[in-house]
Amino acid sequence: MSTTPVNVTVTGAAGQIGYALLFRIASGAMLGPDTPVRLRLLEIPQAVKAAEGTAMELDDCAFPLLDGVDIFDDATAAFDGVNVALLVGARPRGPGMERGDLLAANGGIFGPQGAAINAGAADDVRVLVVGNPANTNALIAASSAPDVPTERFTAMMRLDHNRALAQLAQKTGTGVADVTNVTIWGNHSAKQYPDVAHATIGGRPAPEVIGDDAWVTDTFIPTVAKRGAAIIDARGASSAASAANAAIDHVRDWVLGTPAGEWTSVGMVSDGSYGVPEGLISGFPAVSTGGAWEIVQGLSVSETAQAGIDVSVGELTEERDAVKELGLI
Ligand code: NAD
Ligand code: LMR
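Residues numbered from 1 in each chain as written. Chains lettered and ligands numbered in written order. Predicted model: local features only at pLDDT ≥ 70, side-chain atom pairs only at ≥ 80, totals over all residues. Heavy atoms only, no water.

### Description of the site of ligand 2
In the neighbourhood of ligand 2, the contacting residues comprise Asn132, Arg163, His188, Gly228, Ile232, Ser238 and Ser239. Side-chain polar atom of Asn132 to an oxygen atom of ligand 2: 2.8 Å apart, as the coordinates give it. At 2.7 Å from an oxygen atom of ligand 2 is found a side-chain nitrogen or oxygen belonging to His188. Residue composition of the shell around ligand 2, grouped by class: one nonpolar, five polar and one charged. (Near = heavy atom within 4 Å. Polar contact = N/O pair within 3.5 Å; in protein donor to acceptor, adjacent residues only side chain to side chain. Nonpolar A, V, L, I, M, F, W, Y, C, P; charged D, E, K, R; others polar.)

### Remarks on the UniProt feature "domain: Lactate/malate dehydrogenase C-terminal" (unreviewed entry) in the protein
Within this numbering scheme, the UniProt entry marks residues 158–325 as carrying the feature "domain: Lactate/malate dehydrogenase C-terminal" (unreviewed entry). In residues 158–325, the share of helix is 48% and the share of strand is 18%. The end C-alpha atoms are 29 Å apart. (UniProt positions renumbered as here; feature names shortened; annotations may be inferred. Helix = DSSP H or I, 4+ residues; strand = E, 2+ residues; numbered from the N terminus.)

### Considering helix H1 (residues 16–27)
Along H1, the residues that are buried comprise Ile17, Gly18, Leu21, Leu22, Phe23, Ile25 and Ala26. Looking at the packing, one finds that the buried side of H1 touches strand E1 (6–11), strand E2 (37–42), helix H2 (48–61), strand E3 (66–72), strand E4 (84–87) and helix H10 (241–256). Looking at the residues trailing H1, positive phi occurs at Gly28, about 100°. (Buried < 20%, exposed > 50% of the residue type's maximum accessible area, 1.4 Å probe, protein only. Contact = heavy atoms within 4.5 Å.)

### Digging into the packing of helix H4 (residues 99–120) against helix H5 (residues 134–143)
Following both chains from N to C, one finds H4 and H5 inclined at 40°, their axes separated by 7 Å at the closest point. Judged by the angle between their axes, H4 and H5 are oblique. Like other packed secondary-structure pairs, H4 and H5 cross with a definite hand, here right-handed. Taking contact as the criterion, the partners of Leu103, Asn106, Gly107, Phe110, Gly111 and Gly114 in H4 are, on H5, Thr136, Asn137, Ile140 and Ala141. Here the contact of H4 with H5 is built from residues that sort into four nonpolar, six polar and no charged. (Axes fitted to C-alpha atoms, helices over the stretch in contact; angles between N-to-C directions. Parallel < 35°, antiparallel > 145°, perpendicular 65-115°, else oblique. Left-handed = near helix turned anticlockwise from the far one by under 90°.)

### Focus on the packing of H1 against H2
Where H1 contacts H2, the two axes come as close as 11 Å, and the packing angle between them is 30°. Here H2 runs roughly parallel to H1, going by the angle between their axes. As H1 packs across H2, the resulting crossing turns out to be right-handed. Together, Tyr19, Leu22, Phe23 and Ala26 of H1 and Thr54, Glu57, Leu58 and Cys61 of H2 make up the contact between the two elements. Residues belonging to the contact of H1 with H2 are distributed by class as follows: six nonpolar, one polar and one charged.

### Digging into the UniProt feature "binding site: substrate" (unreviewed entry) in the protein
According to UniProt, the "binding site: substrate" (unreviewed entry) feature falls on Arg93, Arg99, Asn132 and Arg163. A maximum C-alpha distance of 25.3 Å among these annotated residues, which run over 71 residues, shows that they spread across the structure rather than meeting at one spot. On the basis of relative accessibility, which here comes to 48%, the residue Arg93 falls in the partly exposed class. Look past the residues within four positions of Arg93 in its chain and what remains in contact with it is Glu98, Arg99 and Leu102. Residue contacts for Arg99: discarding those within four places in its chain leaves Arg93, Glu315 and Glu319.

### Notes on the sheet that holds strand E11 (residues 204–205)
Strand pairing in a sheet relies on backbone hydrogen bonds, with the paired strands running either antiparallel or parallel. The strand order across the open sheet formed by three strands is E7-E10-E11, and the pairing between neighbours is antiparallel. Both outer strands of the open sheet, strand E7 (179–180) and E11, are each paired with one neighbouring strand and no more. In this structure, E7 lies alongside strand E10 (residues 200–201), joined through two bridges in antiparallel fashion. Looking across to E10, one finds that Val179 is bridged to Ile201. (Pairing = 2+ DSSP bridges.)

### Some details on the pairing of strand E5 (residues 126–129)
Every regular strand shows the same layout, with side chains that alternate between the two sheet faces. Side-chain alternation along E5 places Arg126 and Leu128 on one buried face and Val127 and Val129 on a second face that is also buried. Across four bridges, the pairing between E4 and E5 is parallel. Pairing of Leu87 across the sheet is with Val129, part of E5. Note that E5 and strand E6 (residues 153–155) share three bridges and pair parallel. Note that in E6 the partner of Leu128 across the bridge is Thr154. Handedness of the crossover joining E5 and E6 through H5: right-handed. (Right-handed = clockwise from strand over helix to strand, strands pointing away.)

What follows is the structure, encoded as structure tokens:
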């Protein structure tokens, strides 16, 4: 077992995703069975007491890999020495709140958190933004951290990716492990573009196994893209355990590598690939080798798929322009 614990900072630690996430990190599900972790929980002052309760429960689990838990209400302290930062805490959209209001409120969170990461994070810091609007919040945080390579700031598309795997497995009567190389392009929003063109199911091309192009267009794509809203409608609260699970999957694959021959979906900074303007944080097909994400290059993209990608990327561009206008990037 390695002896130096990895510092993992989780923001919004007393929220519902935080509660589903922390115990799995402490159990070794994220960084593997040989890596001790030190949890650093960041909350707003009003929620520190609840975070203390969660920390008591973490103690009571007696996880062998958990080196300790520290609780903060100050971002600079919480991100000091951080190796893995999970930015979950965000301002939810309130009644009567316009998109611009939400972006401004979150700018007030992710700007200072990006600056705190810039000031004190470890050299190998990796950041995953979960709090919505995740892609643009990641862009804000990255812009406030000029000394950290932008590639280290990612946004979570993995929940959408996992949702797509499950829908495809259910439709074709296979297991989720038989489904590979789905891509979720663009924004983590209802305008995302879930793409099965290069996916395989049981080693065969997915479109052939599905055998029903209309189902892909009329059922699969809207089901995956609107799944977040469907969960809110059913549960009365947004997805939490599945979001935490996706965060674990994202960081595990980033640090430990993606399986050979398989890619996943990652919200990462565009280098201009696939017509996505450079600098936007967009969903791409990506592999991780040697601890860094790389966009899978050279995939053929049909006119229909490119149109879907362009719509989603158009939304990301609008969000970027709005936060630029607000002086947040
Ligand atoms: P929640 O309201 O249960 O918890 C959010 C927590 O963040 C609260 O405890 C709050 O006190 C805390 N918080 C607010 N501002 C903070 C700040 N400045 N610093 C530290 N903590 C702060 O919400 P949740 O269900 O845990 O969801 C969190 C976010 O994740 C939401 O924005 C939600 O929309 C988003 N989400 C994203 C995905 C995705 O796939 N990217 C999926 C599900 C949910
Ligand atoms: C999800 O995809 O479940 C969430 O992003 C939905 C939301 O708006 O919180």
